[in-house]
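So the chains spell out like this:
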Amino acid sequence: MLASKRPLVMGILNVTPDSFSDGGSYQKPEIAVQHARRMLAEGADIIDIGGESTRPGAEPITEQIELDRVVPVVQLLRSETDALISVDTSTAAVMQEVSPMCDLINDVRALTRSGAIAAAADSGLPICLMHMRGEPKTMQDHPVYDNLISDIINFFSSRIVICEAANIDRRRLLVDPGFGFGKTPEDNLILLNRLAEFLCLELPILVGLSRKSTISKIVGSEAALTIGSVVGAMLAINSGASIVRVHDVAETVAALSMALATKREQIL
Ligand code: YH5
């Protein structure tokens, strides 16, 4: 289903009232779906719908609030498109509810919450396992690793074994090193620089760098966040990423077209 010769662009659709890029305006499913339509028109291959804020310092939400935010948006979007829909959730009940209507489960907690492994297994869907150290509330309070890259690769290896034991075929899995999730800015740069080392897992790599604080720290101004994010996405693709999760779909698609045309030595 997600097998592709070219890297895919995943457009971010936040359905959280506190999300920085929507200012709370996506509480109504129609408005959220308008943004999804725009991202699809701009060339997004996948729409990633998330109802829980996992920004540093964010408080957890209840299962019911997450269901109320996410399910109506997935229903409405599914009713009008065959485009790939991903749901950014760690909650078993959300996975159960949305899996008949979506194409990918994207879990920033790598199926560690209670019931998540079974719900993901039952869905039959591809699953993205993301690495996070700690929980959003506290993850940026002094993250330290023994060895950043090997700690994260070892984490994935053990999650993959656990998934396989729960009847999730390895071929359903994707991995994501989790930029900004319990990492210092320098850690994030090491991860980007050495992303290709994760190819040893022989699974597709998903990367979410878009507009994260490491990029703001590097490029300075708000105005430069898009270009910083696009360059980050392209560097990730150059190191073997299969999917980039982005806010700025049109700009990322243009950059990717440039790289792909060059690689194939033809106008696409
Ligand atoms: C990700 O990397 N991230 S939600 C803080 C920001 C900007 C954006 C301080 N879900 C990922 O997008 N799923 C999120 O500025 C994700 N990989 C995957 N697979 C956080 C987010 C953000 C946080």
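Details of the structure are given in the entry above.
This one's a predicted model, so the numbers in the text were calculated from it and none came from an experiment.

**So, the environment of Arg113**
Mapped onto the fold, Arg113 is located in the loop between β4 (104–107) and α4 (116–123). For Arg113, a relative accessible area of 29% translates into the label partly exposed.

**A few points about the site of the ligand**
Every one of the 17 residues lining the ligand counts as a neighbour, but Asp88, Asn106, Asp176, Lys212 and Arg245 are closest to it. Between the ligand and Asn106, the relevant distance is 2.7 Å, taken from a nitrogen atom to a side-chain nitrogen or oxygen of the residue. A distance of 3.4 Å separates an oxygen atom of the ligand from a polar backbone atom of Arg211. If the ligand stood free it would expose 520 Å²; the protein chains cover 91% of that surface. Of the residues that constitute the shell around the ligand, the class distribution is six nonpolar, five polar and six charged.

**Points about helix α2 (residues 63–80)**
Between its first and last C-alpha atoms α2 spans 26 Å; for 18 residues at 1.5 Å apiece the expected length is 26 Å, and the two agree. Against the buried residues of α2 lie β1 (8–14), α1 (29–41), β2 (46–50), β3 (84–88) and α3 (92–98).

**Some words on the packing of aromatic side chains**
Applying the stated criterion across every chain, the model contains two aromatic pairs. Here the aromatic residues Phe155, Phe156 and Phe198 are joined through ring pairs into a cluster of three or more.

**Thoughts on the pattern of salt bridges**
Applying the stated criterion across every chain, the model contains 12 salt bridges. Here Arg6 and Asp45 are joined by a salt bridge, their closest N and O atoms 2.7 Å apart. Here Asp45 lies in the loop between α1 and β2 and Arg6 lies in the segment before β1, a separation of 39 residues in the sequence. Between Glu52 and Arg109 there is a salt bridge, with its nearest N and O atoms 2.7 Å apart. Within this pair, whereas Glu52 is found in the loop between β2 and α2, its partner Arg109 is found in the loop between β4 and α4, the two being separated by 57 residues in sequence.

**With respect to the nonpolar core**
Residues Ile49, Leu111, Leu129, Ile168 and Phe198 are the most contacted members of the largest nonpolar core, which totals 70 residues. A total of seven residues in this core trace back to one element, the largest contributor, which is helix α5 (residues 148–165). In this structure, Phe198 is in contact with Ile149, Ile152, Ile153, Phe156, Pro177, Leu191 and Ile205, ignoring residues within four places of it in sequence. Ile46, Leu104, Leu174 and Ile243 belong to the second largest nonpolar core, which has 10 residues in total.

**Things to note about the sheet that holds β3**
Taken in spatial order, the eight strands make up an open sheet running β6-β5-β4-β3-β2-β1-β8-β7, and their pairing is parallel. Two strands bound the open sheet, and with one partner strand each, they are β6 (173–176) and β7 (206–207). Taken together, the four bridges between strand β5 (residues 127–130) and β6 define a ladder with parallel strand orientation. Of the residues in β6, the one forming a bridge with Leu129 is Val175.

**A closer look at the packing of α5 against helix α6 (residues 185–193)**
Two elements in contact, α5 and α6, have axes whose closest approach is 10 Å; the angle formed by their N-to-C orientations is 70 degrees. Taken as axis vectors, α5 and α6 run roughly perpendicular relative to one another. Across the interface between the two elements, Leu148, Ile149 and Ile152 of α5 pack against Asp187, Ile190 and Leu191 of α6. The residue inventory of the contact of α5 with α6, partitioned by class, reads five nonpolar, no polar and one charged.

**Section: the state of the cysteines**
Tallying each qualifying case throughout the model produces zero disulfides. Unpaired in terms of disulfides, Cys102 finds its nearest cysteine sulfur in Cys128, a separation of 13 Å. The structure places no disulfide on Cys200, whose sulfur is separated from the nearest cysteine sulfur, that of Cys128, by 16 Å. We classify Cys200 as exposed; its relative accessible area is 52%.

The rules behind these values
Residues numbered from 1 in each chain as written. Predicted model: local features only at pLDDT ≥ 70, side-chain atom pairs only at ≥ 80, totals over all residues. Heavy atoms only, no water. Helix = DSSP H or I, 4+ residues; strand = E, 2+ residues; numbered from the N terminus. Buried < 20%, exposed > 50% of the residue type's maximum accessible area, 1.4 Å probe, protein only. Near = heavy atom within 4 Å. Polar contact = N/O pair within 3.5 Å; in protein donor to acceptor, adjacent residues only side chain to side chain. Areas by Shrake-Rupley, 256 points an atom, 1.4 Å probe, with all protein chains shown as cover. Nonpolar A, V, L, I, M, F, W, Y, C, P; charged D, E, K, R; others polar. Expected span 1.5 Å × (residues − 1). Contact = heavy atoms within 4.5 Å. Phe/Tyr/Trp six-rings, centres within 6.5 Å; stacked < 30°, edge-to-face > 60°. Salt bridge = Lys/Arg side-chain N within 4 Å of Asp/Glu carboxyl O. Core = buried A, V, L, I, M, F, W, Y, C linked by side-chain atoms within 4.5 Å. Pairing = 2+ DSSP bridges. Axes fitted to C-alpha atoms, helices over the stretch in contact; angles between N-to-C directions. Parallel < 35°, antiparallel > 145°, perpendicular 65-115°, else oblique. Disulfide = S-S within 2.5 Å.

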